[in-house]
Amino acid sequence: MSTALFIVDVQNDFTEGGALAVAGGDAVASAITAYLARNADRYALVIASRDWHDAEGSNGGHFAGVDSDAAPDYVDTWPVHCVAGTPGADYDPGLDTTAVTHHVKKGQGVPAYSLFEGVTDDGSTVADLLTAHGVVDVDVTGIATDHCVRASALDALAHGRHVRILTDLVAGVAPQTSEAALAELAHAGADLEESK
Ligand SMILES: [Zn+2]
């Protein structure tokens, strides 16, 4: 019985100064680094995801202002962010990725909120990795609580894993939707705990 840690989308465009900055993103990056320094050996897998969009086109309607002049609604359409190979798509420099065992990229040409939609550079899916390593428990951290953290945690539950959200290691776009997401996750069976 082993445990995996998810680090969802701790990227420059989602932290302070980024195209789609989430308040508290830098602090979460540093806090995950500190947590890993103490706890990395508890995890059979440490999987980090990156949103990794195409520079051309709207990525399936994900980017506002490409297919039409409509402004982003911050629900289904967003400012341009995390374009593959740009600084905005890099991990936030506050996140030390030394302990990361697998990097996955998602969102090439399509909207992709869940880390389960990502694949490693050699084509492995997260579901395959969890099965191969006998992972029963998944701890979830990262950005944003109300979008990609939510979707990743719901998918982990749907894949039959026990899920724990480390509530001091996540940051959300908006307080109200972040609260709602955590309530939804708890209702779906996730545990909400601080990492301390
Ligand atoms: Zn995106």
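I will try to describe carefully the structure that is included in this document. (Residues numbered from 1 in each chain as written. Predicted model: local features only at pLDDT ≥ 70, side-chain atom pairs only at ≥ 80, totals over all residues. Heavy atoms only, no water.)

1. Digging into the overall build of the protein
Thinking step 1. Along the backbone of the protein there are 4 helices and 6 strands.
Thinking step 2. Scanning the protein from its N terminus toward the C terminus, one meets helices and strands in the order β-α-β-β-α-β-α-β-α-β.
Thinking step 3. Its C-alpha atoms put the protein at 50 × 35 × 30 Å along the principal axes.
Thinking step 4. Looking at the 196 residues of the protein, the share that counts as buried comes to 49%.
Thinking step 5. Intrachain contacts of the protein at a sequence separation of at least 6 include 74% that bridge at least 24 residues.
Thinking step 6. Just so you have it, the protein exposes about 8,400 Å², and 53% of that area is on carbon and sulfur atoms. (Helix = DSSP H or I, 4+ residues; strand = E, 2+ residues; numbered from the N terminus. Buried < 20%, exposed > 50% of the residue type's maximum accessible area, 1.4 Å probe, protein only. Contact = heavy atoms within 4.5 Å. Areas by Shrake-Rupley, 256 points an atom, 1.4 Å probe, with all protein chains shown as cover.)

2. Re the environment of Thr141
Thinking step 1. Structurally, Thr141 is set in strand S4 (residues 135-143).
Thinking step 2. Apart from residues no more than four positions distant in its own chain, Thr141 is found in contact with Leu5, Phe6, Ile7, Val8, Ile32, Val149, Leu166, Leu169 and Val170.
Thinking step 3. A polar side-chain atom of Thr141 sits 2.8 Å from the main-chain carbonyl oxygen of Phe6. (Polar contact = N/O pair within 3.5 Å; in protein donor to acceptor, adjacent residues only side chain to side chain.)

3. Some points on the coordination of the zinc ion
By definition of the ideal shapes, four donors in a tetrahedron about a metal sit 109.5 degrees apart, and six donors in an octahedron sit 90 or 180 degrees apart.
Thinking step 1. Looking at the zinc ion, one finds its protein donor set to be Asp51 (OD), His53 (NE2), His62 (NE2) and His81 (NE2), positioned 2.1 Å from the metal centre.
Thinking step 2. By relative accessible area, His53 is classed as buried at 0%.
Thinking step 3. Owing to a relative accessible area of 2%, His81 belongs among the buried residues under this scheme. (Donors = N, O, S within 2.8 Å, 3.2 Å for Na, K, Ca; no water.)

4. With respect to the pairing of strand S2 (residues 45-51)
Thinking step 1. Burial of S2 is extensive: 7 of the 7 residues sit out of reach of the surface.
Thinking step 2. With helix H1 (residues 25-39) bridging strand S1 (residues 2-8) and the parallel S2, this β-α-β connection has right-handed handedness.
Thinking step 3. Here 5 bridges tie S2 to strand S3 (residues 102-106), and the two strands are oriented parallel to one another. The residue of S3 that forms the bridge with Asp51 is Lys106. (Right-handed = clockwise from strand over helix to strand, strands pointing away. Pairing = 2+ DSSP bridges.)

5. Considering the nonpolar core
Thinking step 1. Within the largest apolar cluster, 26 residues are counted, with the highest numbers of intra-cluster contacts made by Leu5, Ile7, Val10, Ile32, Val46 and Leu95.
Thinking step 2. The set of elements that each furnish at least two residues to this core consists of S1, H1, S2 and strand S5 (162-171).
Thinking step 3. Of all the elements, H1 adds the most residues to this core, at 5 residues.
Thinking step 4. Core analysis: the second largest hydrophobic core is formed by 25 residues, Val135, Val138, Ala153 and Val163 among them. (Core = buried A, V, L, I, M, F, W, Y, C linked by side-chain atoms within 4.5 Å.)

6. As for the pairing of S1
Thinking step 1. Most of S1 sits out of view: 7 of its 7 residues are buried.
Thinking step 2. Burial of S1 is two-sided: the residues Ser2, Ala4, Phe6 and Val8 facing one way and the residues Thr3, Leu5 and Ile7 facing the other way are all buried.
Thinking step 3. As defined by bridge partners, S1 adjoins S4 across 7 bridges and the pair is classed as parallel. If you follow Ser2 over to S4, its bridge partner there is Val135.
Thinking step 4. Judged from the 5 bridges that link them, S1 and S2 form a sheet pairing that is parallel. Pairing of Phe6 across the sheet is with Ile47, part of S2.

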